[in-house]
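Listed here are the chains, written in short residue letters.
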Amino acid sequence: MCTTNNLINDFEGFNSYVSSLKKIDETLFFEPIADGKWSIAEIISHISFWDRYIHEETLPQMKSNAVIESIDFEPLNGQAEKYALSGVSQLHLLQQKLEERSLLATDLRKKDENEFFEKFILNGEEIDKYSGYPHTIFNYIAGFQWHDNHHRQQIDVFLKDKEV
């Protein structure tokens, strides 16, 4: 059974993987993982921007019976992509990602068990169309954990193909 504490620990645990990316050659870090796809830098920036958005905008609204409208994801993803390619260093992108996830995990730990399961409406929906469960903090973070793992697999396949 996955407890809220396990969920938060696993969610923050993604930082260990992010830290491991510090050893990758910077040229590889900024190379697209496939034709028409982002680089590792852009993926990390993307996750970092979403962590900040969740921490600053969404999480504070997630209360019982709240009606929350999420932003259109494309503009945020575009900002993250642009930032990753702005000349910022690999180390800075990784450090920023580590900090954003730690801040979010810290705020999640301040919530009590009941708060994790309070239902709210997100983008007009009571039920998450991907999981089939009601929108709750627990379900929302579990969805982003899936998102982390999706990108991790993409990065791992790319690095394996490069024999890193």
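Rules used in this analysis
Residues numbered from 1 in each chain as written. Predicted model: local features only at pLDDT ≥ 70, side-chain atom pairs only at ≥ 80, totals over all residues. Heavy atoms only, no water. Helix = DSSP H or I, 4+ residues; strand = E, 2+ residues; numbered from the N terminus. Rg over C-alpha atoms; globule rule 2.2 N^0.38 Å. Buried < 20%, exposed > 50% of the residue type's maximum accessible area, 1.4 Å probe, protein only. Contact = heavy atoms within 4.5 Å. Areas by Shrake-Rupley, 256 points an atom, 1.4 Å probe, with all protein chains shown as cover. Core = buried A, V, L, I, M, F, W, Y, C linked by side-chain atoms within 4.5 Å. 1 Å grid on protein atoms, 1.4 Å probe; cavity = no way out; pocket = protein on both sides within 12 Å on 5 of 7 lines; lining within 4 Å. Points joined across faces, edges and corners; volume = space filled by probe spheres on them. Nonpolar A, V, L, I, M, F, W, Y, C, P; charged D, E, K, R; others polar.

**Some remarks on the overall build of the protein**
Helix and strand counts for the protein come out as seven helices and two strands. Start at the N end of the protein and walk to the C end: the helices and strands fall as α-α-α-β-α-α-α-β-α. By the compact-globule yardstick of 15 Å for 164 residues, the protein fits well, its C-alpha radius of gyration being 16 Å. The proportion of buried residues among the 164 residues of the protein is 43%. For the protein, long-range pairs separated by at least 24 residues make up 73% of all intrachain contacts whose partners lie at least 6 apart in sequence. Per element, the accessible surface of the protein, about 9100 Å² overall, is 52% carbon and sulfur.

**Observations concerning the nonpolar core**
In terms of nonpolar packing, the biggest core is built from 24 residues, with L59, M62, L108, F120, I137, Y140 and I141 touching the most fellow members. Among the elements of the structure, α1 (4-20), α3 (40-58), α4 (73-84), α5 (90-109) and α7 (137-161) are those that each provide at least two residues to this core. Broken down by element, the residue count for this core peaks at five residues, all from α7. If we ignore the near neighbours within four places in the chain, the residues touching I141 are L7, F11 and L108. If you look at the next biggest cluster of nonpolar residues, it comprises 21 residues, including Y17, L28, F29 and L159.

**Re the layout of surface pockets**
Quantified by volume, the largest pocket comes out at close to 1200 Å³. Around the largest pocket, the lining is made up of 31 residues, and of these F73, Y130, G143, F144 and H147 lie nearest the centre. For the lining of the largest pocket, the elements supplying multiple residues, two or more each, are α3, α4 and α7. Top contributing element to the lining of the largest pocket by residue count: α7, with 10 residues. Across the lining of the largest pocket, the residue classes break down as 14 nonpolar, 13 polar and four charged.

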